[in-house]
Amino acid sequence: MNSFPHSPTTLTINLDAIVENWRILKGRTVHGRAAAVVKANGYGLGLAPVGRALSNAGCDTFFVAHLDEGIALREVLSEKPDTRIFVMNGLLPTEPDVYIAHGLVPCLNDLGQIDRWRDICGSKGSPLPAVLHVDTGMSRTGLDRRELAQLADDPGRLSGIDLRFIMSHMACADEPSHPMNADQRDRFGDILTRLPRPAEGGMLAASSATFLGPEWHFDWIRPGVCLYGVRPNREIENPMRPVVRLDARILQVRQIDAPESVGYGASHRVAGPTRIATLAVGYADGFLRALSNSAKAWVGEVEVPVVGRVSMDLITIDVSSLPQVGPGDTVSLIGANHDVDALADGAGTIGYEILTSLGARYARHYVGGAS
């Protein structure tokens, strides 16, 4: 339930666009097998509505990061018990019974986790599904070179586990010409020849790597951020459908003149008569402080600048070119003229951070997503 239904700032989320983006990504492969990554509360857009929309569209394989995210998604999709939910952060010693109780599947990230899950399978008297995560260059989670060599020498450590996939993760896929992309692809392919064949093969490509070509697709892809409209890289026109729109109604308009200033730190001083409009959005809502004195907004098709510092709850824009606007009028902050990637560029960050920072104080409006 939206806890801020009276907010003067509205975040509109197009669930049909998310579904279409999943289908676009799936359609880029020959095999047509695509999971969906819905970690971090569906990349900030709502785990429940995003998960339901994708499930209703036919997606039955999901990835989350945290165990609690998997539990929450299982509850959302309780009417579809065959839906598979994989948890990427792995298997801590206290967690096996929780995985089993909620029908979740761990991504096994080291030899200790493999041994732990194998022992659980033995104690239950039947194989339980798991994913084997191998590190091909990220140096975060996944079996490292030393552990891979040990497992290749002793593949029996996987006996009793229902191994569904072997997966890895790309480091530089959003830079198509980066030499590491081919290195990781080749290393992953070599690993697949050295380990027992999993039931469903290899899974390397997430969002950006899907656009590197079929040699990176292996047997499954695992898209995340591109589902939510973020561009796969800077070298092509974004083929993904936009998913979010952020609109704010003007709270107040005031007339000021030189040498008056705007906002904290007096970081913006006006040179002459200026109309300043105030909007109810700030860094507490994910409109990053780095956008101070640099971001753009739109009133209709007219671009207006954000002036002064972004504060916790408010921003200010210069509407001197629009003498007719006043309180209650709508200003676009993310939309057709300025998408998530453009806002991220202005903040010196990436679309991921913008999406996952979008605050809870917006009036959230979901469109589409019907079963």
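The sections below set out a description of the structure shown in this document.

**A word on the overall build of the chain**
For the chain, the count of helices and strands is 10 helices and 17 strands. Overall, the C-alpha framework of the chain stretches about 75 × 45 × 35 Å when taken along its three principal axes. Counting across all 371 residues of the chain, residues that qualify as buried make up 53%. Of the roughly 16,000 Å² of accessible surface on the chain, 50% is carried by carbon and sulfur atoms. Taking the average location of the 35 positive side-chain charges in the chain and that of its 42 negative ones, the two points are 1 Å from each other.

**Re the sheet that holds strand β7 (residues 161–167)**
The sheet built from 7 strands is open, its strands ordered β2-β3-β4-β5-β6-β7-β8 with parallel pairing. Each of the sheet's edge strands pairs with one partner strand only, and the pair in question is β2 (36–37) and β8 (202–203). The sheet contact formed by strand β6 (residues 128–133) and β7 spans 6 bridges and is parallel. Note that in β7 the partner of Leu128 across the bridge is Ile161.

**Remarks on the packing of aromatic side chains**
Enumeration according to the criterion identifies 7 aromatic pairs in this entry. Seen in terms of ring centroids, Tyr43 and Tyr228 are 4.7 Å apart; in terms of plane orientation they differ by 25 degrees. Their pairing is stacked. Placement of the pair is Tyr43 in helix α2 (residues 39–43) and Tyr228 in the loop between β8 and β9 (244–256), with a sequence separation of 185 residues. Look at Tyr43 and you get buried, because its relative accessible area is 5%. Aromatic pair Tyr99 and Trp117: ring centres 6.2 Å apart, planes at 70 degrees, arrangement edge-to-face. Here Tyr99 is found in helix α5 (residues 96–101), whereas its partner Trp117 is found in helix α6 (residues 111–124), with 18 residues between them in sequence. The same class applies to Tyr99 and to Trp117, which are both buried. Each member of the aromatic cluster is reached from another via a ring pair, and the members are Phe63, Phe86, Phe165 and Trp220. Sitting over the face of the ring of Trp216, Arg185 holds its NZ or CZ atom 4.5 Å from the ring centroid. Taking NZ or CZ as reference, Arg222 lies 5.8 Å from the ring centre of Phe63, over its face.

**Here's the deal with the side chain of Asn109**
Its location among the elements puts Asn109 in the loop between β5 (105–108) and α6. Using a relative accessible area of 6% as the deciding quantity, one classes Asn109 as buried. A polar atom in the side chain of Asn109 sits 3.1 Å from the backbone oxygen of Met88. Not counting residues up to four positions away in its chain, the partners in contact with Asn109 are Met88, Asn89, Gly90, His133, Thr141, Gly142, Leu143 and Glu147.

**Brief notes about helix α9 (residues 340–347)**
Every buried residue of α9 is listed here: Val340, Asp341, Leu343, Ala344 and Ala347. Burial along α9 is one-sided: seen end-on, the buried residues are contained in an arc of 160 degrees. On its buried face, α9 sits against β9, β16 (330–334) and α10 (351–357). With a side-chain oxygen lying 3.2 Å from the backbone nitrogen of Asp341, the N-terminal cap of α9 falls on Asp339. The first or second residue beyond α9 is Gly348, which carries a positive phi of 70 degrees.

**Examining the packing of helix α3 (residues 47–56) against helix α4 (residues 67–76)**
Their axes nearest at 10 Å, the elements α3 and α4 cross at an angle of 55 degrees. When the axis of α3 is compared with that of α4, the two are oblique. α4 is crossed by α3, and the crossing has right-handed handedness. Seen from α3, the contacting residues are Leu47, Ala48, Gly51 and Arg52; seen from α4, they are Glu69, Ala72, Leu73 and Val76. Of the residues contributing to the contact of α3 with α4, the split by class is 5 nonpolar, 1 polar and 2 charged.

**Regarding the nonpolar core**
Counting residues in hydrophobic clusters, the biggest one holds 110 residues, and the most contacted among them are Ile18, Leu45, Leu54, Trp117 and Leu333. Take this core: its biggest share by element is 6 residues, from helix α1 (residues 15–27). Not counting chain neighbours up to four residues away, the residues in contact with Ile18 comprise Ile13, Leu45, Val50, Leu54, Leu227, Tyr228 and Val243. Val262, Val270, Ile276 and Val307 belong to the second largest nonpolar core, which has 5 residues in total.

**Topic: the pattern of salt bridges**
Taken as a whole and assessed by the stated rule, the structure comprises 17 salt bridges. Two residues, Arg118 and Asp119, come together in a salt bridge whose shortest N-O distance is 3.7 Å. Given a relative accessible area of 23%, Arg118 falls into the partly exposed group. Each of Arg84, Asp162, Arg164 and Glu200 takes part in salt bridges that share partners, so that together they form one network.

What counts and how
Residues numbered from 1 in each chain as written. Predicted model: local features only at pLDDT ≥ 70, side-chain atom pairs only at ≥ 80, totals over all residues. Heavy atoms only, no water. Helix = DSSP H or I, 4+ residues; strand = E, 2+ residues; numbered from the N terminus. Buried < 20%, exposed > 50% of the residue type's maximum accessible area, 1.4 Å probe, protein only. Areas by Shrake-Rupley, 256 points an atom, 1.4 Å probe, with all protein chains shown as cover. Lys, Arg positive; Asp, Glu negative; His and termini not counted. Charge placed at Lys NZ, Arg CZ, Asp CG, Glu CD. Pairing = 2+ DSSP bridges. Phe/Tyr/Trp six-rings, centres within 6.5 Å; stacked < 30°, edge-to-face > 60°. Lys NZ or Arg CZ within 6 Å of the ring centre and 35° of its normal. Polar contact = N/O pair within 3.5 Å; in protein donor to acceptor, adjacent residues only side chain to side chain. Contact = heavy atoms within 4.5 Å. Arc of directions from axis to C-beta. Axes fitted to C-alpha atoms, helices over the stretch in contact; angles between N-to-C directions. Parallel < 35°, antiparallel > 145°, perpendicular 65-115°, else oblique. Left-handed = near helix turned anticlockwise from the far one by under 90°. Nonpolar A, V, L, I, M, F, W, Y, C, P; charged D, E, K, R; others polar. Core = buried A, V, L, I, M, F, W, Y, C linked by side-chain atoms within 4.5 Å. Salt bridge = Lys/Arg side-chain N within 4 Å of Asp/Glu carboxyl O.

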